[in-house]
Amino acid sequence: SFRGPRMRAALRAMEVFVTRRIPPAGLQVLAEAGGCAVRLWDSEEPVPRAELLSAVAGKRGLLCLLSERVDAELLEAAGPGLKVISTMSVGFDHLDLREIKKRGIRVGYTPDVLTDATAELCVALLLATCRRLPESAEEVKNGGWTTWKPLWMCGYGLSGSTVGIIGLGRIGQAVARRLKPFGVKKFLYAGNRPKTEIAAEFQAEFVPITRLAEEADFVVVTCALTPETQGICNKDFFCRMKKNAVFINTSRGAVVNQEDLYDALVNGQIAAAGLDVTTPEPLPTDHPLLSLKNCVILPHIGSATYSTRNTMSVLAAKNLLAGLKGEPMPSELLL
């Protein structure tokens, strides 16, 4: 006779909240799983904070994006029943890992699956920035293109150059692999430790970040955002860079001091910058960086291919389901 209420209670215990309308492949995995009741914030836009705090109450699982700050306040709102958090991202700087670990909550994330798409975008951004593609396209539209001129719209090429990579992780390696055939002469990399075996593939040299800034023609930032890397690309860093050097960031906006970057670009300390990430996101349309011709800014589209985003959503869904069942996750962040 208790079967009805008990059954309902068990189902309720497996309620999960999904903070956005994720790509269809991931939603399908959740729909077909059975055994968990999905509540979805069915929008392309982020869930407002107040809505999020009320929606997580009593949930067993949370599938979130990097737009959601998972901190003590949210975990308190969720209550002690929250057992698993699955983020549809490779970065996890939006998660308060200390608070999460304290509560014994498991975390899933989506590395590897977005490496190729992000590396491709990084190379595209580098080429667009150093060869002044957005600026050139604009000149065609606004009538600035009058005739062929020997020095008009000249930029910088990769052939024979030195490329410095900050963070030779999965994405950093994938970027180096793609840049090598362009005829890059030398790779330098900086990070918290040498990765001798990995670096051997590119004959990359492990150097202090100051030397990387001084010697690289192209600086590519692909590190994770940590307390150590926050604001690491600052005035001192840009002052050390060559005047004809190009700076590219596809990691996280907070790795860069944007005021210092603006000054470096305006004062000709460096030639150009390309950013796929900013602080904040979205960047306000009146932000000083957007007024510069030598700065190309994209709206955080590193992993934005249809297949990659679908694969990310499937992995996030599978991580969530495995966590709910107490099984090993395909990609667990070990705290």
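Cut-off values and rules
Residues numbered from 1 in each chain as written. Predicted model: local features only at pLDDT ≥ 70, side-chain atom pairs only at ≥ 80, totals over all residues. Heavy atoms only, no water. Pairing = 2+ DSSP bridges. Helix = DSSP H or I, 4+ residues; strand = E, 2+ residues; numbered from the N terminus. Right-handed = clockwise from strand over helix to strand, strands pointing away. Phe/Tyr/Trp six-rings, centres within 6.5 Å; stacked < 30°, edge-to-face > 60°. Buried < 20%, exposed > 50% of the residue type's maximum accessible area, 1.4 Å probe, protein only. Lys NZ or Arg CZ within 6 Å of the ring centre and 35° of its normal.

Our next topic: the pairing of strand 2 (residues 37-40). Relative to strand 2, strand 1 (residues 15-18) runs parallel, the two sharing four bridges. Residue pairing in the sheet places Val16 in a bridge with Val38 of strand 2. A crossover links strand 1 with its parallel partner strand 2, the connecting element being helix 2 (residues 24-33), and its sense is right-handed.

What follows covers the packing of aromatic side chains. Within the structure shown, the criterion is met by six aromatic pairs. With a centroid separation of 5.9 Å and an interplanar angle of 80 degrees, the aromatic rings of Phe92 and Tyr109 are classed as edge-to-face. Pair noted here: Phe92 is in the loop between strand 4 (84-87) and helix 5 (97-102) and Tyr109 is in the loop between strand 5 (106-108) and helix 6 (115-130), with a separation of 17 residues, a long-range link. On the basis of relative accessible area, Tyr109 is assigned to the buried category, the value being 12%. Between Phe237 and Phe238, the aromatic rings sit 5.8 Å apart at their centres with planes inclined by 85 degrees, giving edge-to-face as the arrangement. A relative accessible area of 3% places Phe237 in the buried class. Look at Phe238 and you get buried, because its relative accessible area is 0%. Three or more aromatic residues link up through ring pairs in this structure, and these residues are Phe237, Phe238 and Phe247. When the ring centre of Trp152 is taken as reference, the NZ or CZ atom of Lys149 above it lies at 4.7 Å.

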